[in-house]
Amino acid sequence: MKKATEFRLEANPRIPEALARLEELANDLFYSWDHGVRSLFVRMDMRLWEKVEHNPKLFLRRVAQERLDEAAEDRAFLAEYRRVLSTYDAYLEAGPGPEVTDRLDPERDLVAYFCAEFGFHESFPIYSGGLGILAGDHCKAASDLALPFVAVGLLYQQGYFIQTIDAQGHQIARYRSHASDELPIVPVEHEGTLLKVSVPFPGRLVFARVWEARVGHIRLYLLDSHTVENSPEDQELTLQLYGGDESTRISQEMLLGIGGTRVLEALGLKPTVWHINEGHAAFQILERCRQAMETGLGFHGALEAVAAATLFTTHTPVPAGHDIFPRDLVEQALGAYLEEAGLDFGEVFALGAKNGGDSFNMTSLGLRGSRFHNGVSRIHGGVASQMEGGIWPQIPPEENPLGYITNGVHVPTFLAPEWASLFDIQAPTWKSELRNPDYWSFIEQIPDYHYWSVHKALKQQMTDYIVRRLKRQHKRNGTGHSVTERMTRQLLSAHTDTLVIGFARRFATYKRATLIFSDLERLEQILTNPERPVVLVFAGKAHPRDKPGQQLIKVIHDLSMHPALMGHLILLEDYDQAMARRLLAGVDVWLNTPEYPKEASGTSGEKAALNGALNLSVLDGWWGEGYDGKNGWGIVPRDTGLDPEFRNQEEARDLLDLLEFEVVPLYYEGASQGYSRAWVKRSKASMISITPRFNAQRMVMDYVTDYYEPAATQGARMVAESGKLAGALADWKARVRDAWPSVELNILGCIQARCVNDEAVELRVEAFLNGLSAGDVRVECLVSPECTGTHSDPGPGSFLLEMESESGGRTVFATRIPPPYPGLQTLRLRMYPYHEALTHPLEMGAMLWV
Ligand SMILES: *Cc1c(COP(=O)(O)O)cnc(C)c1O
C-alpha cells in the first residue's frame, strides 16, 4: 500500500492593525538585548515562544490569530506594546554623544567591521563561540553609542551545528538549514534590483546575494553564495560556519574579504576606518589595494594608503585559530582574482608569508596590511607581540606596534532583567554610567537580603531550566527516570541552598575542562560533603573535527553517571546564547581553568560577574586584569617552561585548595541565617569592580579613541591629493629596505663611566648610512635605572641624538644629557629608519644597536 505523501502548510495570521509594528520589532536585533520586546512575545504565547526557540519572525508566522486578536484588545498588553515602541523609537532617535563626535565625524567617517561570525542571539545561529559573541557585542555597543559603523559577514544557511550528547557521552553534530525568511534579515535591493556581487574564482565568477540585518542604529551586511548563478557546489560555499576543508575555508574568506568590500562599494559606502576582526576577513586588504591602484598608485603605495586606515585584531594565541594555507592552494584559489585585479602573486604572497615559510598566514596578511593592530587583553597583547614579532624582526617585542584592548561584554544582553530592574530603582541613570567606575559603588547600598533574593530568584530559574533540559536529554537517550531523579536531587534539595559552580564554553583542549577532576577522590569529598554540598554544571560544544575536545565531553559525561558523583556533576547539551544567559545569571561561581597564556581574553566570566557570580579562574586573559584580590579567586599559573603534566597537577591542587578552604566555607558561612554575608560582600565587590571595566561600551570607546580616530586621520592623510603621501612613503620604504642591510652604527670615543649628577654626559656615534640621509633615521639613547628595589620602575627614558656632521658617507650624531636617574643606570644606543608619515615610529621593523 502506498503511503500518503504529506504536504506541509503553514497558515500565517494577519497581524492586527493595532499591533502592526510587531513585524518591525521582529526585524531588528534590538530584540536581542531589549527584554521588553521579547516579553511581548512571551506574554502572547510563552509555549510557542519556546517552541520557535525565541525566534520573533517565526513566532509571528505561527502564532494563533486569536492570540493576536486578544492582545490587540488587551489594554494592559497594548500599554506595554506602546511602552516598548516608545523605548525603541527613543533609542533610534538618540544621536551620538560628544565622546564620539569629538573623535569621529558622523557625516564623513564610517567604520567598516568585518568578521566571519556574529553572535547576536540564539535565533540567529551564525556564531560558534567567543569570537562571534564578541563581534555581536561590539556591534550592539556601536549601536548604543550611535557610532558611524557598518558590519560585514557571511550568512551560513546551516550556521554552526546543533549538539546532542548520546547515552554513551558521544557528541553528535547535526546541522539544520535556516530559511532566510526565518531570520532577522531582508534582501538588499540596490537601484531597484536585488544586489549581487561577484568574485573571480578559478575558471568562473562566484556570486553572492546580500542580506541586511538591522542592529538598532547600525547595519550588518551578510553575503550568501546560495544563488542560482552559481553551480551547486558554489552554492554550498557558505553552507556552514567553519565547515568543509581548507579549500572551502579560503573560498569563504575570499567571499568575505573581497566580496564584502565589493558590497560596500556597490552601496556607495566609503568607510574611512576598516576593522578586520580576526584573520578570516583579511583578504579585504587585497581588494582595497586594487581599488586604491585605480587612482594611479602602485601596489606598495596602495598598500600604504590601505594599511593606514586599517585596524587588525588578533584573537587567539592558539595555532588552530590562525588560518594557514599552503602556497599551491593560495595560488590556485586567488589566481583568477589577482589577474583581474592586476596584482602580482609574489607580492601578495609575501604579505602572508610567515618566517619565510612556504605557507600563507592570514594573520600575517592582516598585520602587514594594517598599521593598527591589537590583542584582546593585556596578557594576550604581550603574547601576540611575541608570537607575531617576526613582522617587525629587529624590534624588541615589547616595543612593537601590537597593542591591546581588553574585551568587554554587552551589558543589556547579558545582565539579567531582574538585576536591571533593581538598578533602575537604586540608580536610575546606571545605563549611561557604564564607563564610569566611580558610579558603581551604589551597589553597596542595596540591602544584602534584597541583593541575595534577586540572586536566589535567578538561581531558581536556572535550576528549573537545567532540570527541564536534563529531562529532555535523558528522555531522548532512554536514560532511566531514576537516574534523572538522582541527578537532579541535590540541585532541587529543599533543605540546602546548594553551591552551584558553572563551566560552559567551547570544549577546546587548551581550556582544560577536566582539570578539576585531576584528583577525583579529593574532589568527590569536597562536592559530596552533606553539610556543604556542591554541584558542578558543564556545557559546551567541541568542533566536529576536534576529537580530543569530544573526548573531554565523554569523560565528563561518564563521571556524571558515576554513582559517587551522581547529582553533583551535570552535563548539559547544546550550549548556545540562551543557555549562556541562564547559567551565567544563576550560578554562584563561574569556573575557568585555561592553560596560560592561551585564553586570549575569555568573556563569559565577565558576563557572570555582571550578574553577581564570583569568578574562580586561572589568572589569564581578562581575569589577569580583573582580579583584585577581593572580587573572586585567582589561580596563579605556573611557569610555561615546566612540564605540562606537572603544571596541570600544581594548578589543579591550587583549584581544589581554593574550593575546599575558601570558596565552600565562605559560601556556607552563616548560611543558617539564610545566606552568607561575607559571600554577598564579595559578590558585590565583584559586580562593582567588573561591570564598569569589562563591558562592551568601554571596549568600543577604547577602540574609537586608540584606533578608529587615529586610523581615520592617518588614512585621510595618506589618500589626500591622489595618495601623494602614500606613494612617497612607499618609495621611501623601498629605498630604506634596500639600504638597511649595509647600514652601520658605532660608538665614537667612549662613554664616561662616572659623573656627578648635575654634569652632562657626552654621547656620540658615527653612522654609515649607505645612501640614506641623516633625516631618514633617528638615533636614540635609552637610559634605564638599575634595579632600585622599588616596584615603580619608570621604564627607560629616551634621548634623541642630533646630526653633528656629515661627510664622505659618514654621519656623526651627538648629544649631551644629564643623567636622568641617581646612582647606577644603563645606557643603550640605537638607530632606526624614520619618516614623519609613519603611523608608528617602529613600523618598518628595522633597528640597529650599538
Ligand atoms: C560568552 C560566550 C562564549 C565565550 O565564552 P568564553 O568564556 O570566552 O570562552 C561562548 N559561547 C557563548 C554562547 C557565549 O555566550
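Residues numbered from 1 in each chain as written. Predicted model: local features only at pLDDT ≥ 70, side-chain atom pairs only at ≥ 80, totals over all residues. Heavy atoms only, no water.

### Focus: the overall build of the protein
Point 1. Each helix and strand in the protein was counted, giving 28 helices and 29 strands.
Point 2. With an accessible surface of roughly 35000 Å², the protein has 50% of that area assigned to carbon and sulfur atoms.
Point 3. When the 84 positive and 112 negative side-chain charges of the protein are each reduced to one mean point, those points stand 5 Å apart. (Helix = DSSP H or I, 4+ residues; strand = E, 2+ residues; numbered from the N terminus. Areas by Shrake-Rupley, 256 points an atom, 1.4 Å probe, with all protein chains shown as cover. Lys, Arg positive; Asp, Glu negative; His and termini not counted. Charge placed at Lys NZ, Arg CZ, Asp CG, Glu CD.)

### Description of the pairing of strand β9 (residues 204-215)
Point 1. By the bridge criterion, 2 bridges tie strand β5 (residues 186-187) to β9 in an arrangement that is antiparallel. The partner of V186 across the bridge, within β9, is E212.
Point 2. Two elements, strand β8 (residues 196-201) and β9, share 6 bridges in a ladder whose sense is antiparallel. Across the sheet, the residue bridging to V199 is V206, located in β9.
Point 3. Adjacent in sequence and paired antiparallel, β8 and β9 are bridged by 2 residues, among which G203 carries a positive phi angle near 75°.
Point 4. Looking at chain direction, β9 and strand β10 (residues 218-224) are connected through 7 bridges and run antiparallel. Its bridge partner lying in β10, E212 is registered against Y221.
Point 5. The turn linking β9 back onto β10 is made up of 2 residues, and G216 within it adopts a positive phi angle of 60°. (Pairing = 2+ DSSP bridges.)

### Side note on the site of the ligand
Point 1. Among the 14 residues in the neighbourhood of the ligand, the closest are listed as K511, G602, T603, S604 and K607.
Point 2. T603 places a main-chain nitrogen or oxygen 2.8 Å from an oxygen atom of the ligand.
Point 3. Here the ligand loses 95% of its free accessible area of 390 Å² to cover by the protein chains.
Point 4. Elements supplying a minimum of two residues to the shell around the ligand: α8 (130-144), α23 (577-586) and α24 (604-610). (Near = heavy atom within 4 Å. Polar contact = N/O pair within 3.5 Å; in protein donor to acceptor, adjacent residues only side chain to side chain.)

### Quick look at the UniProt feature "domain: DUF3417" (unreviewed entry) in the protein
Point 1. According to UniProt, the positions carrying the feature "domain: DUF3417" (unreviewed entry) are residues 15-123.
Point 2. Here residues 15-123 runs as 55% helix and 4% strand, with 21 Å between its end C-alpha atoms. (UniProt positions renumbered as here; feature names shortened; annotations may be inferred.)

### As for the confidence of the model for the protein
Point 1. For the protein, the mean per-residue pLDDT works out to 96, and 99% of the residues sit at or above 70.
Point 2. Per-element confidence in the protein ranges from a low mean pLDDT of 93 for strand β6 (residues 189-190) to a high of 99 for strand β1 (residues 111-114). (pLDDT = per-residue confidence, 0-100.)

### Brief notes about the packing of helix α2 (residues 35-44) against helix α6 (residues 75-93)
Point 1. Interaxial distance between α2 and α6 falls to 9 Å at its minimum, and their mutual angle equals 160°. Put simply, α2 runs roughly antiparallel to α6. Note on packing geometry: the crossing formed by α2 with α6 is left-handed. Only A76, F77, E80, Y81, R83 and V84 of α6 make contact with α2, whose side of the interface consists of G36, V37, S39, L40, R43 and M44.
Point 2. Classifying every residue of the contact of α2 with α6 by side-chain character gives 7 nonpolar, 2 polar and 3 charged. (Axes fitted to C-alpha atoms, helices over the stretch in contact; angles between N-to-C directions. Parallel < 35°, antiparallel > 145°, perpendicular 65-115°, else oblique. Left-handed = near helix turned anticlockwise from the far one by under 90°. Contact = heavy atoms within 4.5 Å. Nonpolar A, V, L, I, M, F, W, Y, C, P; charged D, E, K, R; others polar.)

### Observations concerning the side chain of S198
Point 1. Along the chain, the position of S198 falls in strand β8.
Point 2. Judged by relative accessible area, which is 19%, S198 ranks as buried.
Point 3. Dropping the residues within four chain positions of it, S198 is found in contact with L205, V206, F207 and R262. (Buried < 20%, exposed > 50% of the residue type's maximum accessible area, 1.4 Å probe, protein only.)

### Quick notes on the packing of helix α19 (residues 448-477) against helix α27 (residues 677-690)
Point 1. The geometry of α19 relative to α27 is characterised by a closest axis approach of 10 Å and an angle of 75° between their N-to-C directions. Taken together, the axes of α19 and α27 are roughly perpendicular relative to one another. Packed against α19, whose contacting residues are D448, Y451 and W452, the element α27 presents R677, W679, V680, S683, K684 and M687 at the interface.
Point 2. A breakdown of the residues in the contact of α19 with α27 according to their chemical character gives 5 nonpolar, 1 polar and 3 charged.

### A word on the UniProt feature "modified residue: N6-(pyridoxal phosphate)lysine" (unreviewed entry) in the protein
Point 1. Residues given the UniProt feature "modified residue: N6-(pyridoxal phosphate)lysine" (unreviewed entry) here are K607.
Point 2. Along the polypeptide, K607 turns up in helix α24.
Point 3. On the basis of relative accessible area, K607 is assigned to the buried category, the value being 6%.
Point 4. In this structure K607 touches I133, V409, F414 and L584, once residues within four positions along its chain are discounted.

### What about the packing of aromatic side chains?
Point 1. One pass over the full model with this rule turns up 39 aromatic pairs.
Point 2. Of the aromatic side chains, those joined through ring pairs into one cluster are W419, F423, W430, Y439, W440, F442 and Y451.
Point 3. The side chain of K607 reaches across the aromatic face of F414, ending 4.3 Å from its centre.
Point 4. Over the ring of Y834 we find R778; its NZ or CZ atom is 3.9 Å from the centre of that ring. (Phe/Tyr/Trp six-rings, centres within 6.5 Å; stacked < 30°, edge-to-face > 60°. Lys NZ or Arg CZ within 6 Å of the ring centre and 35° of its normal.)

### Some thoughts on the sheet that holds strand β22 (residues 632-635)
Point 1. As summarised here, the arrangement of the 6 strands in space is β19-β18-β17-β20-β21-β22, forming an open sheet in which the pairing is parallel. Each end of this open sheet is capped by a strand with a single partner; those strands are β19 (569-572) and β22. Strand-to-strand twist across the sheet, computed as the mean angle between neighbouring axes with direction ignored, equals 20°.
Point 2. Strand direction decides the pairing type here: strand β18 (residues 534-539) and β19, joined by 4 bridges, are parallel. Bridging from a neighbouring strand, V537 pairs with I570 of β19.

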